[in-house]
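Coordinate analysis (summary)
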Amino acid sequence: MFDLGPVYQSVGSLAAMGAALGAMLGAAAKFLAVEENPLELELAGLLPGSQCGQCGFVGCNQYAAALAKNEAPVTACAPGGKDVAEKLAKKLGVTADLSDHEDKGPRRAVIDEDLCIGCLRCVQECSTDAIVGAPKQMHTVLADNCHGCAKCFKVCPTEAIAMCKVPVTLGTWHWHKPAPALLH
Amino acid sequence: MSSVYTDKSGPYIHAPVSVQKTMTTVLLALAPATLFDAWMFGWPAIFLFAITVATCVGLEALCLAIAGKPMRPSLVDGSVVLTGWLLAMSLPPWAPWWVAVIASIFAVCLAKHLFGGLGQNVFNPAMVGRVAVLVSFPVQMTAWVAPHPLFAPGSPGIVEALFITFGHGFNLDTMSAASALGFIKTELSRHVPVSQSIGQIPTLMDMLVGRRPGSFGETSALLILGGGLFLLAKRIISWHIPVAMMGTLFVLGTGFSHLDPDRFTDGIFQMTSGATFIGAFFIATDYVTSPTSKRGQLVYGFGCGLLTWVIRTFAGYPEGVAFAVLLMNALTPIVDQYTRPRAFGRTRKGEPLPIRGDK
Amino acid sequence: MKLFPVRGGIHPEYRKDRTSECAVVAMPMPRILYLPLQQHIGAPAEPVVQEGDLVKKGQLLARGQGVVSAPTHAPTSGRIGAIDRVTAPHPSGLPQLTIVLEADGRDEWGELAAPIADPFAAEPADIKARVAASGIVGLGGATFPSAVKLNLGTQHKLQILLLNGAECEPYLTCDDRVMREYAGEVIDGARIMAHALGTPRIVVGIESNKPQALEAMTKAASAFGNIAVVGVPVQYPMGSERHLCQAITGLETPARKLTADLGVVVHNVATARAVHHAVRFGRPLISRVVTVTGGAMADGRNVEVAIGTMVSELVAFCGGLREAPRRIVSGGPMMGAPLPSLEVPVVKGTSGVLALTAAETNDAPAGPCIRCGSCVTICPCGLSPVEMAPFIRKDNFEAAAGLGVMDCVSCGSCSYVCPSHIPLVHYFNYAKGSLNAADRDRRQQERIKTLAEAHNLRLEKAAEAKRQAAAAKKAQTESQATTP
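Residues numbered from 1 in each chain as written. Chains lettered and ligands numbered in written order. Predicted model: local features only at pLDDT ≥ 70, side-chain atom pairs only at ≥ 80, totals over all residues.

1. What to know about the nonpolar core
Of all hydrophobic cores here, the largest spans 230 residues; its most connected members are L162, M217 and L314 of chain C. In terms of residue count, helix 1 (residues 19–67) of chain B provides more of this core than any other element does, 17 residues in total. Taken together, domain 1 (1–28 + 137–363) and domain 2 (364–484) of chain C each give at least three residues to this core, which thus spans both. Apart from the residues lying within four places of it in its own chain, the contact partners of M217 of chain C are G165, M179, A183, V186, V204, I206 and V229 of chain C. One finds C55, A64, A78 and V84 of chain A within the second-largest nonpolar core, a separate group that totals 14 residues. (Core = buried A, V, L, I, M, F, W, Y, C linked by C-beta atoms within 7 Å. Buried ≥ 20, exposed ≤ 12 C-beta atoms within 10 Å, placed from the backbone. Helix = DSSP H or I, 4+ residues; strand = E, 2+ residues; numbered from the N terminus. Domains from an automatic or database assignment. Contact = placed C-beta atoms within 7 Å.)

What follows is the structure in structure tokens.
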């Protein structure tokens, strides 16, 4: 039989070290914990801030909180479009799957003048003040200021607002990607 | 909204160039030397050549089939034929068939297709094949024979040649002869100074014309040089790599042999012996594995020349071109990165040029 | 005159002999003209006429909007049929607002602006105003409003007005013929522009494959001491203004800057001729010389055609097609735009109409890159197409931008020489377009954020004001209650 003394010594000392370090880590986790997640604030800063709810969360801050916990995809913000999705992906260090982004594409509110009754409800809802109008006067959307949050769309009593795809113009058209090459 | 006319962006004219044309021109440049050597070393050499090229083409077809890629374009453009051709030219002319087959497997399957196929390989496939069999089968790969011209007395006939290539090989003890580089190195290891051993190897004229032992690519240096100059004239290759590589060899050879003529061979010997010409014009200039910018090519050529000289002079192998090229292949991406051309209107660092003069 | 080497470039087969000896012929005025409101870089013009209006030749039809814009004039007398959306001569095939003018056959001039009797005694500002009012834009194909370019004299100290007679694109011979047949008009226009710019010297750069043009222009310029007519090497893209400037002055235009920052302004020879017409005769830009050629054309010609003529009618005038073309190109084959069909109008920037056969285009399916490095050797902008294209194939635009894809001028040299027929310039056009679109998106998002914040701020202020008003009212009622 061999002497078990050294075995007890080594096992004991390593166990003691492990316990001590583990205790230190546990204490640090409790007493030195970071209260608020700064990532959340940074993510919220990247979002448009119109609290439209299209992402499925109540507001932009809630979406940012979910993103910080990796509980939401970066592509959920429709008004933010590709630009915001890419920025969020970069901040979170993930790759964004933008393949279906073209279909969901940016949309702009357009008011059908035949149906508008001039009630001002959309004007008050618009988070970027993109709708101009006066009581009983025709309302119209300033397309450049609209980012498609669709809050106006939800409140219009006559359903005069439609969310339309942004058309390609001569100024925005560009060459598509070349077809895949014939690979050897 | 697009019609058949607007499916592609310009330009709408194209130079009359293609990969096939390039490969065919290179093969044409190699043809005189190949035919000469085929005559010089007789039927066994011809069989070896045929089996190497055929195996390469067959393996390419197999790899493409496995990868699910279209076969016709690759087999027709001549790229794998060139690989097989250069590989055959680097083997001893009377080597057995299985050396050729194994070399081809390393070249086509390992060095080319496992890396992604045409244009994606990091290392020169022919050189990988050659080095693999050189390291694995040193006896067969250094069994050089003296020239046995076709139809000359003493040369093997077709039947005997079939036996040499596919059968029992030739009698290594009685028929093998050392190449010039090999002879010098062996003599040096026996403490015979260069100045003395150099008298016993074929003369310069013999080496240039090709009446000496060696692989296809090593003999007939003049015909290879001619082929290389033809490639330059056709603008398939540019002068940067050949001049850098041969120039470095020449300078190092001449310089060191002045210092110690007994230990070092001179510049002319360095340039005309071994695979220098074929290495400089055909192997180091391989598009895929060499840098794309002219400045980068000069660095690469210099590196190839330096490493070739170092391996020939100090290392265990008599010929260093294959190893030198492979080592420089590994450095090509970094050479490319640091030798990018300067953009128009910008400094080398990429900042816009400062405006000179008043506004 | 000492010339400087230009790096890179290609030497394609020029194929100009079919039309280089064809004198300019005038096409009879067509029955209907289609005048897009945007034929230039900048803001589209705004119509000043309506459907049904009767107009005279040279009358203003649409006014330029803003600083970078150009007006459009009636090429003939007639009636405005409609202001409608017509397919633009643009690869997208998108329609654009176009004034449809029905010719009355009388071709009567309206009231023209008074000719400026002595342009060299006139104020530069007056010359610029005349050029602006005449709708003159860069006729080399860039269509930049010429008056804006003439204004560079006030912002930079200029030394040379460089007339671009290089015409480096294959097939095109319109500038060649203009120089040969109207050298006097070109030189006069150049002198007027130099006066407006304040440049002491004029240099005319003509590729040396046009000896007759060189001769004609030298002769026309010989009377004036400050004009040098120079033969530049035949090298594509010598007509690129930065490269022509380098060939003549040896200076490289810094990235993101203009040649004007080097003291040089470049204008096309046809533009100079248009300035001559505008200043000496008060005539606006209503026609231009177009080279119609290509293997699929029955005949090749140089035609002085009214702006707004349908390309199909122009092609018919030149003898029509003898076979179905593989491509119809507006401009040269290297940098020209493909036309969606023949039913598009000739516009101010249409320097050529090419009907190319499949044999001429030498198209082939793209193969793998063999890293031959030809694209790097010939790139006139010193870029590395072999490295940029794989990044773009993987949609990694950031890496491509890092390698300088935004510096690419899309000259097409790299695509031309690639032995594997890889559509390199197509990749770069795609990358540049995507990067520009991403840029637009980013700026839009920033605007939206600012607007949203302003909106919230406004609501907060309104709420605050309400609270204060309520508090003030409460204090007032309380004080009223306490006082007897």
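2. Describing the sheet that holds strand 2 (residues 32–36) of chain C
Residues and elements named next belong to chain C. The four strands are arranged 2-8-7-4 in an open sheet whose pairing can be described as antiparallel. In this open sheet, the two strands that pair with only one neighbour each are strand 2 and strand 4 (54–55). As defined by bridge partners, strand 7 (residues 78–87) adjoins strand 8 (residues 95–103) across nine bridges and the pair is classed as antiparallel. Within the sheet, the bridge partner assigned to I83 lies in strand 8 and is I99. (Pairing = 2+ DSSP bridges.)

3. What to know about helix 8 (residues 269–281) of chain C
Residue and element names in this part refer to chain C. With 13 residues, helix 8 should reach 18 Å at 1.5 Å per residue; the first-to-last C-alpha distance of 18 Å fits that figure. Burial analysis of helix 8 places eleven of its 13 residues in the buried class, the great majority of the element. Looking at helix 8, one finds that the buried residues are V269, A270, T271, A272, R273, A274, V275, H276, H277, A278 and V279. Looking one or two residues past helix 8, G282 carries a phi angle of roughly 75 degrees, positive in sign. (Expected span 1.5 Å × (residues − 1).)

4. As for the sheet that holds strand 12 (residues 264–268) of chain C
All names here are of chain C. Spatial strand order, 11-10-9-12: four strands in an open sheet with parallel pairing. Because the sheet does not close on itself, it has two edges, and the strands there are strand 11 (227–232) and strand 12. Averaged over all neighbouring strand pairs, the angle between strand axes comes to 25 degrees, with direction disregarded. Looking at chain direction, strand 9 (residues 160–165) and strand 12 are connected through five bridges and run parallel. The partner of L162 across the bridge, within strand 12, is V266. Where helix 5 (residues 183–197) meets the sheet, it contacts strand 9, strand 10 (201–207), strand 11 and strand 12, and its direction lies at approximately 145 degrees from that of strand 9. Packed onto the sheet, helix 6 (residues 211–221) meets strand 9, strand 10 and strand 11 and runs at close to 170 degrees relative to strand 11. (Axes fitted to C-alpha atoms, helices over the stretch in contact; angles between N-to-C directions.)

5. A closer look at the interface of chain B and chain C
Contacts between the two partners involve 40 residues from chain B, matched on the other side by 61 residues from chain C. Classifying every residue of the side of chain B that touches chain C gives 19 nonpolar, 14 polar and seven charged. (Nonpolar A, V, L, I, M, F, W, Y, C, P; charged D, E, K, R; others polar.)

6. Examining the environment of A72 of chain A
Residue and element names in this part refer to chain A. When you line up the elements, A72 lands in the loop between helix 3 (60–68) and helix 4 (81–92). Judged by the 19 C-beta atoms lying within 10 Å of it, A72 is partly exposed. Here the alpha-carbon distance between A72 and V94, two residues 22 residues apart in the chain, equals 12 Å. Residues contacting A72, with those up to four places away along its chain left out, are Y63, A66 and L67.

7. Brief notes about the domain arrangement of chain C
Residue and element names in this part refer to chain C. Taken domain by domain, chain C holds domain 1 (1–28 + 137–363) and domain 2 (364–484). The C-alpha centroid of domain 2 is placed 34 Å from the C-alpha centroid of domain 1. Taken residue by residue, the interface counts 14 residues in domain 1 and 13 residues in domain 2.

8. Quick notes on unusual backbone geometry
A negative phi angle characterises most non-glycine residues, just as the trans form characterises most peptide bonds. Of note, the bond from G10 of chain B into P11 of chain B is cis; its omega dihedral lies within 30 degrees of zero at 0 degrees. On the secondary structure map, P11 of chain B appears in the segment before helix 1. Residue P237 of chain C follows Y236 of chain C across a cis peptide bond; omega there is 5 degrees. The topology assignment puts P237 of chain C in the loop between strand 11 and helix 7 (241–249).

9. Some details on the pairing of strand 2 of chain C
All names here are of chain C. Here strand 2 lies mainly inside the structure; four of its five residues are buried. Looking at chain direction, strand 2 and strand 8 are connected through five bridges and run antiparallel. In the sheet register, Y34 faces strand 8, and the bridge partner there is V100.

10. Some remarks on the packing of helix 5 of chain C against helix 6 of chain C
Residue and element names in this part refer to chain C. Running from N to C, helix 5 and helix 6 cross one another at 55 degrees; their axes reach a closest spacing of 9 Å. Here helix 6 runs oblique to helix 5, going by the angle between their axes. Considering only the axes of helix 5 and helix 6, their crossing is right-handed. For the pair helix 5 and helix 6, the contacting residues are A183, G184, V186 and I187 in the first and A216, M217, K219, A220 and A221 in the second. Taken together, the residues of the contact of helix 5 with helix 6 sort by class into seven nonpolar, one polar and one charged. (Parallel < 35°, antiparallel > 145°, perpendicular 65-115°, else oblique. Left-handed = near helix turned anticlockwise from the far one by under 90°.)

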